[in-house]
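Residues per chain, in single letters:
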Amino acid sequence: MALNQDGLIGGRDIRPVRCFTCGKLLGDKYEEFERRLKQGEDPKHALDELGIKRYCCRSTMLTSIDLTDEIAKFKR
Amino acid sequence: MELELVEKGDDSLLIKVVGEDHTLCNLLRKALYEDESVVAASYSIEHPLVGVPKFYVKTKKGKSPEHALMDAAERVTKQLEGLRKQLQKALKK
Amino acid sequence: MEFILSGANPAFANSIRRAAMREAPVMAIDEVEFKTNESAMYDEVLAHRLALTPLRTPLKGYVLPSECSCRDGRCSKCSVSLTLKCEGPATATSGDLKSTDEEVTPVSSSVPIIKLEKGQRLELTAIARLGLGREHAKWQPGIVAYKYIPIFKVDGKACDGCGACVKACPQGIISLVKEKPKISDPVQCILCKACSEACPPKAITIGSDATKFVFRIESTGALPPEQILFKAMATLEDKCKEFGKLVKKLKG
């Protein structure tokens, strides 16, 4: 993720399925979003292209910190 | 849906509308305002999660509050029916 | 879907909105039985993620568990079972869910459920049921919202045609026609009143028309938007009819 990992807020550490506020499905767009950011794309442009209009959905996408790879190493 | 009688006067009625919420009550309240023989119509839900709406209607002499409620329900039903038919037509196109 | 509702009042519009969000039944995963879960996440976290994954809902063929004759919500009339079997290294997605009814499948096949490392296995059976949005957000068929249509008034005497409102409008829908401002597309107006605030002679007043509403329905994909609206109106209609009958009974 492009964001600083120190900014971990509210346990948003796995990929969101839906927008926390409005309930729009975001899970299917998250991988694509991440891939685009890795390629150095501007988050604004990526969000616009993925059709994420509302600021609630946009902030859910931007502030989620993907730690799935980290977590997957551990047992429960 | 269930109705429970709380208080009944000559021209007023207070009922509990069990199992319903603002969706129905607010709609009926507004519909009652259109009725000229209705003096007052209101409802309250005392708790946002577990509250049961209490509906109050007061009418002028000549029309019972029950009658006013039935009329209001019928008016709204007709309005919705008309709208639903419009939608059906629009969808067929 | 976007449409204009006219000749209504705010209570009527709001009841339709509420009914659409709360009373139109859709399918969602309601119960999950885990056979194996060797992933890093707890069962309930995965169950939650599965529940939030929207499922396509057939219009006919299913009833609400509360109205079903089976009473335990497990028969084929009121429930669908979906199975998921996945072994790492892989990411288990909603596409891995195999449904017993081909009409009840995830809206999107690429919602990640959990990433599995090598050797980690996940096997589960999920039971999807119809439900109402008032019970849980997972059963909300979509987002329904409305806004008012503006009444844009310009005091012809006070307006000096300076064009400040044209620049101030964030939607860019005001233009000067014969040196007087006009709204080209009222539906686009967000009623922010930036135009009336920016106007130096205070010639613009913005009101809202309480009988006309612009509705927007954004479905999760579980039901087509027009069906959400249709179901909302039908349930509202039924409620009104039932209410009328009950009042009649009360009167005796």
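Residues numbered from 1 in each chain as written. Chains lettered and ligands numbered in written order. Predicted model: local features only at pLDDT ≥ 70, side-chain atom pairs only at ≥ 80, totals over all residues.

A closer look at the sheet that holds strand β3 (residues 79-87) of chain C
All names here are of chain C. Spelled out, the test is: Pairing between strands is defined by DSSP: at least two bridges between the two strands are required. The numbering of helices and of strands both runs from the N terminus, where a helix is a DSSP run of H or I of at least 4 residues and a strand a run of E of at least 2. C-beta atoms are placed from the backbone for every residue, and two residues are taken to be in contact when these atoms lie within 7 Å. Axis geometry follows a simple rule: fit a line to the C-alpha atoms, using only the stretch in contact for helices, then measure angles between N-to-C directions, giving values from 0 to 180 degrees.
Taking strand neighbours across the sheet as the criterion, the 4 strands line up as β2-β7-β3-β5 in an open arrangement whose pairing is antiparallel. Both edges of this open sheet fall to β2 (26-37) and β5 (98-99), since each of them pairs with a single strand only. Contacting β2 and β7 (121-131), helix α2 (residues 43-52) crosses the sheet at an angle of about 150° to β2.

Considerations on the arrangement of the chains
For the 2 pairs of chains in contact, the maximum contact count is reached by chains B and C. In this structure chain A stays clear of chain B, and the shortest span between their C-alpha atoms is 19 Å.

Side note on the interface of chain C and chain A
Many descriptions give the size of an interface as the accessible area lost when the pieces come together. Our working rule: Think of it as three bins: nonpolar holds Ala, Val, Leu, Ile, Met, Phe, Trp, Tyr, Cys and Pro, charged holds Asp, Glu, Lys and Arg, and polar takes everything else, Gly as well.
Between chain C and chain A, the contact holds 18 residues from the first and 18 residues from the second. Counting residues per element, the ones that place at least two in the side of chain C that touches chain A are α2 and β6 (112-116) of chain C. In terms of residue class, the side of chain C that touches chain A is made up of 10 nonpolar, 5 polar and 3 charged.

Comments concerning the domain arrangement of chain C
Residue and element names in this part refer to chain C. Put simply, the test is: Start and end positions for the domains come from either an automated domain assignment or a database one.
Domain annotation for chain C reports domain 1 (1-24 + 141-252) and domain 2 (26-137). For domain 1 and domain 2, the distance between their C-alpha centroids amounts to 37 Å. Between domain 1 and domain 2, the residue contacts involve 10 residues of the former and 11 residues of the latter. When the residues that make up the side of domain 1 that touches domain 2 are grouped by side-chain class, the tally is 5 nonpolar, 3 polar and 2 charged.

Examining the packing of helix α1 (residues 22-33) of chain B against helix α2 (residues 65-92) of chain B
The axes of two packed helices give the description: the angle between them and the distance between them. Residue and element names in this part refer to chain B. Put simply, the test is: In this scheme, roughly parallel covers angles under 35 degrees and roughly antiparallel covers those over 145, while 65 to 115 is roughly perpendicular and the rest are oblique.
Relative orientation of the contacting elements α1 and α2 amounts to 105°, with a least axis distance of 9 Å. With respect to their mutual orientation, α1 and α2 come out roughly perpendicular. Taking contact as the criterion, the partners of L27, L28, A31 and L32 in α1 are, on α2, A68, A72, A73, R75 and V76. Classifying every residue of the contact of α1 with α2 by side-chain character gives 8 nonpolar, no polar and 1 charged.

Things to note about the sheet that holds strand β1 (residues 2-6) of chain C
All names here are of chain C. One open sheet holds the 3 strands; their spatial order is β1-β11-β8, and the pairing between them is antiparallel. Looking at strand neighbours, the two that pair on one side only are β1 and β8 (142-154), the edges of this open sheet. Here the average twist between neighbouring strands, direction ignored, is 35°. Direction of pairing for β8 relative to strand β11 (residues 204-219): antiparallel, over a ladder of 13 bridges. Pairing of K147 across the sheet is with V214, part of β11. Sheet strands in contact with helix α1 (residues 10-22) are β1, β8 and β11, and its direction is about 160° off that of β8. Contacting β8 and β11, helix α5 (residues 225-251) runs over the sheet at an angle of about 105° to β11.

Side note on the nonpolar core
Condition: Buried Ala, Val, Leu, Ile, Met, Phe, Trp, Tyr and Cys residues whose C-beta atoms connect them within 7 Å together make up a nonpolar core. Our exposure labels follow a C-beta count within 10 Å of each residue's own C-beta, placed from the backbone: buried means 20 or more other C-beta atoms, exposed means 12 or fewer, and partly exposed covers the counts in between.
Grouped together as the largest cluster of nonpolar side chains are 74 residues, with contacts concentrated most on L28(B), A20(C), M27(C), A128(C) and A232(C). Formed jointly, this core draws a minimum of three residues from each of two domains, domain 1 (1-24 + 141-252) and domain 2 (26-137) of chain C. In contact with A128(C), other than residues within four places in its own chain, are M27(C), A28(C), I29(C), D30(C), L55(C), S79(C), V80(C), L82(C) and V104(C).

A look at the confidence of the model for chain C
Our working rule: The score called pLDDT rates the predictor's confidence residue by residue, from a low of 0 to a high of 100.
For chain C, the average pLDDT comes to 89, and 100% of its residues sit at 70 or higher. For this predicted complex, the interface score ipTM comes out at 0.91, alongside a pTM of 0.84.

Looking at unusual backbone geometry
Residues and elements named next belong to chain C. Non-glycine residue R71 carries a positive phi angle of around 70°. As for its placement among the helices and strands, R71 is situated in the loop between α2 and β3. A tally of 10 C-beta atoms within 10 Å means that R71 is categorised as exposed. Non-glycine residue K178 carries a positive phi angle of around 50°. Topologically, K178 is positioned in the loop between β9 (174-177) and β10 (180-183).

Let's talk about helix α1 (residues 27-38) of chain A
Rules: Expected helix span is computed as 1.5 Å times (number of residues minus one).
Between the first and last C-alpha of α1(A) there are 18 Å, a value that for 12 residues agrees with the 16 Å anticipated at 1.5 Å per step. Every buried residue of α1(A) is accounted for by G27(A), D28(A), K29(A), Y30(A) and F33(A). The inward-facing, buried residues of α1(A) abut α2 (43-49) and α3 (55-63) of chain A together with β6 of chain C. Positive backbone phi, approximately 90°, marks G40(A), located one or two places after α1(A).

Concerning α2(C)
Among the residues making up α2(C), those that are buried are L46(C), A47(C), R49(C), L50(C), A51(C) and L52(C). Lining the buried residues of α2(C) we find β2, β6 and β7 of chain C.

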